Amino acid sequence: MEYLENVVCTNFKRFCKTLELKDDPRLIEEYKRIHAKGNTWPEIARGMKEVGILDMEIYITGTRLFMIMDTVSDFDHDEAMTKLAKMPRQQDWETFVSKFQKTTPDASAGSKWTLIERIFKLVV
């Protein structure tokens, strides 16, 4: 198998975000379970793709979540988050996951996930 090294893809935008979970080990384990492959609601993934999110990963350390979100190159974050909030079942999902998060049940994904500023990039 041949591997490509130093391949740079520039036809997308990347956003990194953070969110704090409630400090309850039982809730954190449940949050992980509902985000395991095949457990998220299908309407949520469809909605994300419809607004231009190409890929998303969420990492955890303690109670801190870290999201990497890759989007189409002309992605307008605020516009997409507003559109996403109106997608089928999106508010139901946000209300459901709010019990795990340090947030309110009526908060949208766009308001509770905080965008992180990149301050370093290793240039190859």
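Source: prediction; values computed, not measured.

Conventions adopted
- Residues numbered from 1 in each chain as written.
- Predicted model: local features only at pLDDT ≥ 70, side-chain atom pairs only at ≥ 80, totals over all residues.
- Heavy atoms only, no water.
- Helix = DSSP H or I, 4+ residues; strand = E, 2+ residues; numbered from the N terminus.
- Buried < 20%, exposed > 50% of the residue type's maximum accessible area, 1.4 Å probe, protein only.
- Phe/Tyr/Trp six-rings, centres within 6.5 Å; stacked < 30°, edge-to-face > 60°.
- Lys NZ or Arg CZ within 6 Å of the ring centre and 35° of its normal.
- Pairing = 2+ DSSP bridges.
- Patch = residues over 30% accessible without salt bridge, like charges linked within 9 Å, V, L, I, M, F, W, Y side chains within 5 Å.
- Areas by Shrake-Rupley, 256 points an atom, 1.4 Å probe, with all protein chains shown as cover.
- Salt bridge = Lys/Arg side-chain N within 4 Å of Asp/Glu carboxyl O.

Student: Explain unusual backbone geometry here, please?
Tutor: The phi angle of most residues is negative, glycine excepted, and most peptide bonds adopt the trans form. A positive phi angle, near 70°, is found at Arg89, a position not held by glycine. Tracing the chain through its elements places Arg89 in the loop between helix H3 (77–85) and helix H4 (90–97). For Arg89, a relative accessible area of 36% corresponds to the partly exposed category.

Student: Whenever I open this one, the packing of aromatic side chains confuses me. Can you help?
Tutor: The relation between two aromatic rings is expressed through the spacing of the ring centres and the mutual angle of the planes. For the coordinates displayed, the defined rule picks out six aromatic pairs. Plain terms: the ring middles of Trp93 and Phe96 are 5.8 Å apart, the flat faces sit at 50° to each other, and that makes the pair tilted. On the criterion of helical spacing, the pair formed by Trp93 and Phe96 is a turn pair, its members being three residues apart in helix H4. Following the ring pairs from residue to residue traces out a cluster consisting of Tyr31, Trp41, Trp93, Phe96 and Phe100. The ring of Trp41 has Arg89 sitting right over it, with the charged end atom 4.0 Å from the ring centre.

Student: Explain the pairing of strand S2 (residues 53–61) to me, please; I cannot follow it from the model alone.
Tutor: Both faces of the sheet carry side chains from a regular strand, because those side chains alternate between them. As judged from the eight bridges shared by S2 and strand S3 (residues 64–72), these two strands associate in the antiparallel manner. From the neighbouring strand, Tyr59 faces S3, where its bridge partner is Phe66. Counting the residues between successive antiparallel strands, the hairpin from S2 to S3 contains two residues, one of them, Gly62, with a positive phi of roughly 60°.

Student: Whenever I open this one, the pairing of strand S1 (residues 12–20) confuses me. Can you help?
Tutor: Judged from the nine bridges that link them, S1 and S3 form a sheet pairing that is antiparallel. From the neighbouring strand, Phe15 faces S3, where its bridge partner is Met69. Of the pairings in the sheet, the one linking S1 to strand S4 (residues 114–115) comprises two bridges and is antiparallel in character. Bridged to Lys17 within S4 is Leu115.

Student: Quick question: what am I supposed to make of a nonpolar patch on the surface here?
Tutor: Taken together, the side chains of Tyr59, Phe66 and Ile116 present a nonpolar region at the surface, about 260 Å² in accessible area. Tracing the sequence through the fold places Ile116 in the segment after S4. Taking the relative accessible area as the measure of exposure, Ile116 reaches 38% and is therefore partly exposed.

Student: Would you mind going over the environment of Lys32 with me for this structure?
Tutor: Structurally, Lys32 is set in helix H1 (residues 25–34). Expressed as a C-alpha distance, the spacing of Lys32 and Asp106, which sit 74 residues apart in the sequence, is 21 Å.

Student: What is the right way to read the pattern of salt bridges from this model?
Tutor: Side chains that differ in sign of charge can pair as their charged atoms come close. One pass over the full model with this rule turns up seven salt bridges. Where Arg64 meets Glu20, a salt bridge forms, and the shortest distance between an N and an O atom there is 2.9 Å. Linking Arg64 in strand S3 with Glu20 in strand S1, this pair joins segments that are 44 residues apart in sequence. A salt bridge links Glu29 to Lys32; the shortest N-O distance between them is 3.3 Å. Taken together, the residues Glu29 and Lys32, both in helix H1 and three residues apart, mark about one turn of the helix. Take Glu29: its relative accessible area is 46%, and that puts it in the partly exposed class. On the accessibility criterion, Lys32 (40% relative accessible area) is partly exposed. Within this structure, Glu43, Arg89 and Asp92 form a network of salt bridges that share partners.

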